[in-house]
Amino acid sequence: MADSSSGIINAIDKESVHKICSGQVITTLSTAVKELIENSIDAGATIIDVKFKDKGLKSFSVMDNGDGIEEENFDSIALKHHTSKISKFSDLTSVDTFGFRGEALSSICGVSDFSMTTRHKSVSIGAKIEFGRDGRIKKKTKVSCQKGTTVLIENIFTNLPVRRKEFERNIAKKDFPDTLNKIVEYGIILDKKITVTNTTGKGKTDRLLNVSGGEDVKSNVSQIFGIEQIKNIIPFIQKPPSDEVLEEYGIKNEKDHSDFIINGYISSPDHGKGRSSPDRQFFYVNNRPCDMKKLSKLVNEIYHTFNKQQYPFLVLNIRLSKDSVDINVTPDKRQLMLNNEKYLLSIVKTSLLEFLTPRSSIYTLRSNP
Ligand code: ADP
Ligand code: MG
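Here the residue numbers are simple positions, counted from 1 along each chain's written sequence. Note on labels: chains are lettered from A, ligands numbered from 1, in written order. In keeping with the model being predicted, local features are shown solely for residues with a pLDDT of at least 70 and side-chain atom pairs are shown and tallied solely at 80 or more, while totals for entire chains, interfaces and linings include all residues.

**Focus: the domain arrangement of the chain**
When its domains are assigned, the chain resolves into domain 1 (14-224) and domain 2 (232-367). Residue ranges assigned to the domains are those given by an automatic or database domain assignment. The centre of domain 1, based on its C-alpha atoms, is set 31 Å off from the matching centre of domain 2. Counting residues at the interface gives 14 residues for domain 1 and 13 residues for domain 2. To qualify as a helix, a DSSP run of H or I must reach at least 4 residues; to qualify as a strand, a run of E must reach at least 2; elements of each kind are numbered from the N terminus. Of all the secondary-structure elements, those providing two or more residues to the side of domain 1 that touches domain 2 are helix H4 (161-189) and helix H5 (217-225). Ranked by the residues each element gives to the side of domain 1 that touches domain 2, the list is headed by H4, at 4 residues. Contact between two residues is assigned whenever their backbone-derived C-beta positions fall within 7 Å.

**Some details on the site of ligand 1**
Should the C-beta atom of a residue, placed from the backbone, lie within 6 Å of a molecule or strand, that residue is near it. Of all residues adjacent to ligand 1, which total 22 residues, the nearest are Asn-39, Ala-43, Thr-83, Ser-84 and Gly-99. Of all elements in the fold, only helix H2 (29-42) and helix H3 (104-111) reach the threshold of two or more residues within the shell around ligand 1. Side-chain classes are defined by residue name, with Ala, Val, Leu, Ile, Met, Phe, Trp, Tyr, Cys and Pro counting as nonpolar, Asp, Glu, Lys and Arg as charged, and the others, Gly among them, as polar. Grouping the constituent residues of the shell around ligand 1 by class yields 6 nonpolar, 10 polar and 6 charged.

**Section: the environment of Lys-88**
If you trace the backbone, Lys-88 turns up in the loop between strand S2 (59-64) and H3. Any residue whose C-beta has 12 or fewer other C-beta atoms within 10 Å is treated as exposed, any with 20 or more as buried, and any in between as partly exposed, C-beta atoms being built from the backbone. Given 6 C-beta atoms within a 10 Å radius, Lys-88 is considered exposed. Along the sequence, Lys-88 and Arg-319 sit 231 residues apart, while their C-alpha atoms lie 25 Å from each other.

**Structural notes on the sheet that holds strand S3 (residues 113-119)**
Each pair of strands is called paired provided DSSP finds at least two bridges between the two strands. Spatially, the 8 strands line up as an open sheet ordered S5-S4-S3-S6-S2-S1-S7-S8, and their pairing is mixed. Only two strands of the sheet have a single partner each, and these edge strands are strand S5 (137-143) and strand S8 (205-211). Averaged over all pairs of adjacent strands, the angle between their axes in this sheet comes to 10 degrees, without regard to strand direction. Where strand S4 (residues 126-131) meets S5, 6 bridges bridge the pair, whose relative direction is antiparallel. Looking at the pairing, Phe-131 lines up with Ile-137 of S5. Sheet contacts for H4: strand S1 (47-53), strand S7 (193-199) and S8; angle to S8, the most-contacted strand, approximately 30 degrees. Inter-axis angles, ranging from 0 to 180 degrees, are taken between N-to-C directions of lines fitted to C-alpha atoms, where helices are fitted over the stretch in contact.

Shown next, in the form of structure tokens:
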């Protein structure tokens, strides 16, 4: 490698730091869309409308009917680590909002052309605000609009040529389906009306999701995946972990126990009712969509003892006290750290074994010494 170093340690200029860091927070279309949806939810929206143009290659917007943003906050909206949700580290243990790092909008600005229209609930006129790559306001005009916020993102990643090329290459097969899947995660668990459309380059608009934010998870699942999907799902019935399973996980003391409340649904393992890939499995901790590798591996292993060929449809929402979970492990907050995770696994294992085992086999197992 060429030696370009002078041996002097200098600070990287602010603009470059911003560009370097933004590209790590907003890595894909789906991370950007997820952050915007979470902002709408945090603003108290009951309606969220996501519109893609050319699957996001050209632009995408997220409109909500939340509280909107007050004029005094306009300058801070897209500045790094500026947030209305926490002010100090200790607030993290009580935070109720999806966001708290104050870096999503700043990072989106760093990798796209970013503008928004917003009207706070306390005023009668809104504002259209255009931001520069550095998160500062370029232009601001008064507009009349509904209460709430619409965020518009154009030309994402065009200033990161390698990523833009990857994005264009993968959009149809990977990035766009992943993005829809992320939106679906919120559609399943929340009582919000969420609509998604895509307008093609030729001007044809397709409606991709329309969930009315129904009474419960089952009704949301039915609206999203169709009535067939709920015909064969059974509610997750939580059982206390058996001594056998506790021993298997090496759990000996009360201090290794935690109060978990688990709700959800799993498809019945009767032959022919599962799916050929684990593409419809959704995990939540306190309603927050997340990745739970160990739990997902466990559930699939158990399911496969009843149905070798297929994977279950699955929705699992785990509730636990906020001080038992660390949500700040990764910038996208999808990897969570839980206290006493093994205890959670032992509850899930005992429960699944109990209610997935056909009654007749339990009888046979118990009656055969
Ligand atoms: P965070 O969500 O972590 O606070 P963001 O960069 O996502 O950080 O957003 C910065 C701030 O902008 C938020 O704290 C919030 O006050 C405001 N904001 C962003 N999106 C919306 C929205 N859709 N409605 C109302 N306020 C919003
Ligand atoms: Mg946010």
